Amino acid sequence: MQPATRPTLTAAEYLEGVRSLLGPILAAASEIEEARRLPSHIERMVRDAGMFAVGVPKDWGGLELDPVTQLEGIELLATADASPAWAAMIGCDTGYVLGFFENAAARELFTDTWRSTAFVGSPSGIASVVDGGYKVSGRWTFASGCTHSAVFLLACVATTEQGPRMATERMPEVRVVALPAEQAQILDTWTTTGVRGSGSHDIAVDSLFVPESHSFRLFPSEMHIDGPLYRYPFLFTFKLAAVALGIARGAIDDVIALSATKTAYGSRTLIRDKDWLQVGITRAEIAYGQARAFYHEAMREIWQEMSAGNAPSKLAQAKLNAAQVGAVERSIEVVDAMYKAGGSNALYSKGTLDRRLRDVHTAGQHTVLQDHALQESGRVYLGIHPESSMMIR
């Protein structure tokens, strides 16, 4: 359980606390990239601000803030640096995933609910059925936040002596196993173009016994926590666009600040006085604002349905899924335009535009942002039963 000294914060207090991190995190951007993880003092600041606890139930010592506030906090942090924002986006899964476990098991696993959790949902391991649980082996990529997380959740294919155990006639059972971080090996693999400080290394385990109670079936899954925030088990998969929007907002602000001192090539005229930048900034604000508005509107609609005591409709899920993909696509366009507007100043790694360009394109490679995700929404819009997925249930 979280220490008794941890505060209970309102949404406004939480966001103000996140805002107070921006200066220190921006100053540490080079250190974060070079470390390829969150340095301990940065992780501590993010943790103490409650960013890993925003989705944790209040009776578990968390903040249990509404999902729109969660998006706002992640986006705000990303205006300074995408890597800590990505770590916060992944790390705050704690509040959602503990609900997949029976109370006693969850209490054993999540002893400090303000700590980060690293969850890898791609079933890259094998969970062989044995007496009392599973013998687990495998290697998982993209384990964001593994360098500072307390608990790892790793998706596996459940297997018996006869072969994969089936969840449906066509789908093998995907079982997620939970284990203390010290029981796994972290493999140093995260050398990347962008989001370098997220510590998204590989994780490996070999023949590790995991009790049945420390695992859950991913599809279909069951929540053991009551309350509006937990009526849609996979809500946590829709936070990613907040990182991209924060990067875009930061890039626009970078160019606005730069325009006050940068002159056009071969003249003494500030670029802020040039028609091309005036139009370019306006188009960037339009793209960013529209994408953000659609994304937040879709999340609010989901939240309204959940607050009314219902699981969100497939149409609401399809809208949020589409809004997330669209927000990331528009964010990439905005950052590309702002990088070009920055001219030669954007080329240097000491500046922020170079990092934002690399970060937004790296974030945009995530599997939930590709065309197959849009296809899932399209099936719902067209009245076709969607394929079973984490995005639309």
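Our subject is the structure that appears above.
Here is what the cut-offs are and how they apply
Residues numbered from 1 in each chain as written. Predicted model: local features only at pLDDT ≥ 70, side-chain atom pairs only at ≥ 80, totals over all residues. Heavy atoms only, no water. Axes fitted to C-alpha atoms, helices over the stretch in contact; angles between N-to-C directions. Helix = DSSP H or I, 4+ residues; strand = E, 2+ residues; numbered from the N terminus. Parallel < 35°, antiparallel > 145°, perpendicular 65-115°, else oblique. Left-handed = near helix turned anticlockwise from the far one by under 90°. Contact = heavy atoms within 4.5 Å. Nonpolar A, V, L, I, M, F, W, Y, C, P; charged D, E, K, R; others polar. Salt bridge = Lys/Arg side-chain N within 4 Å of Asp/Glu carboxyl O. Buried < 20%, exposed > 50% of the residue type's maximum accessible area, 1.4 Å probe, protein only. Polar contact = N/O pair within 3.5 Å; in protein donor to acceptor, adjacent residues only side chain to side chain. Arc of directions from axis to C-beta. Phe/Tyr/Trp six-rings, centres within 6.5 Å; stacked < 30°, edge-to-face > 60°. Lys NZ or Arg CZ within 6 Å of the ring centre and 35° of its normal.

S.K.: Help me get a handle on the packing of helix H9 (residues 240–259) against helix H12 (residues 352–363), residues and values and all.
M.R.: The interhelical angle for the contact between H9 and H12, taken along N-to-C directions, is 155 degrees, at an axis separation of 10 Å. Classified by the angle between their axes, H9 and H12 sit roughly antiparallel to one another. Crossing hand, H9 versus H12: left-handed. Residues Leu 240, Ala 244, Ile 247, Gly 250, Ala 251, Asp 254 and Val 255 of H9 touch H12, and the partners they reach there are Thr 352, Leu 353, Arg 356, Asp 359, Val 360 and Ala 363. A class-by-class count of the residues in the contact of H9 with H12 yields eight nonpolar, two polar and three charged.

S.K.: Account for the pattern of salt bridges, naming residues and giving values.
M.R.: Evaluation of the coordinates by the stated rule reveals 20 salt bridges. Asp 93 serves as the salt-bridge partner of Lys 239, at 2.6 Å between the closest nitrogen and oxygen. On the criterion of sequence distance, the pair formed by Lys 239 in the loop between strand E8 (215–217) and H9 and Asp 93 in the loop between helix H6 (82–91) and helix H7 (94–97) is long-range, its members being 146 residues apart. The class for Lys 239 is buried, based on a relative accessible area of 2%. Residue Asp 93 is classed as buried on the basis of its relative accessible area, which comes to 4%. Measuring nitrogen to oxygen at the nearest pair gives 2.9 Å for the salt bridge that ties Asp 202 to Arg 139. Separated by 63 residues along the polypeptide, Asp 202 in strand E7 (residues 201–211) and Arg 139 in strand E2 (residues 133–143) bring together distant segments of the chain. In the salt-bridge network here, residues are joined through shared partners; they are Glu 33, Arg 196, Asp 354 and Arg 358.

S.K.: Break down the side chain of Asp 93 for me, with residues and values.
M.R.: Within the structure, the side chain of Asp 93 is placed 2.6 Å from the side chain of Lys 239, a separation counted as a polar contact. Other than its neighbours up to four places away in sequence, Asp 93 contacts Phe 119, Phe 236 and Lys 239.

S.K.: Any chance you could break down helix H13 (residues 371–381) for me, citing the residues and the numbers?
M.R.: Among the residues of H13, those classed as buried are Ala 373, Glu 376, Ser 377 and Val 380. Down the axis of H13, the buried set is contained in an arc of 90 degrees. They therefore lie on one face. Along its buried surface, H13 packs onto helix H11 (314–341). Two residues or fewer past H13, Gly 383 is found with a positive phi of approximately 80 degrees.

S.K.: How would you explain the packing of aromatic side chains if you had to name every residue and give the values?
M.R.: If you walk through the whole model with that rule in mind, you get eleven aromatic pairs. For the ring pair Phe 100 and Phe 234, a centre distance of 6.0 Å and an interplane angle of 40 degrees mean the geometry is tilted. You can see Phe 100 sitting in the loop between H7 and helix H8 (103–109) and its partner Phe 234 sitting in the loop between E8 and H9, a full 134 residues away along the chain. Residue classification places Phe 234 among the buried residues on the basis of a relative accessible area of 2%. Of the aromatic side chains, those joined through ring pairs into one cluster are Tyr 96, Phe 100, Phe 101, Phe 110, Phe 119, Phe 216, Phe 219, Tyr 230, Phe 234 and Phe 236. In this arrangement the basic side chain of Arg 107 is found over the ring face of Trp 60, its NZ or CZ atom lying 3.6 Å from the centre. Positioned above the aromatic ring of Tyr 288, the side-chain terminus of Arg 249 is 5.0 Å from the ring centre.

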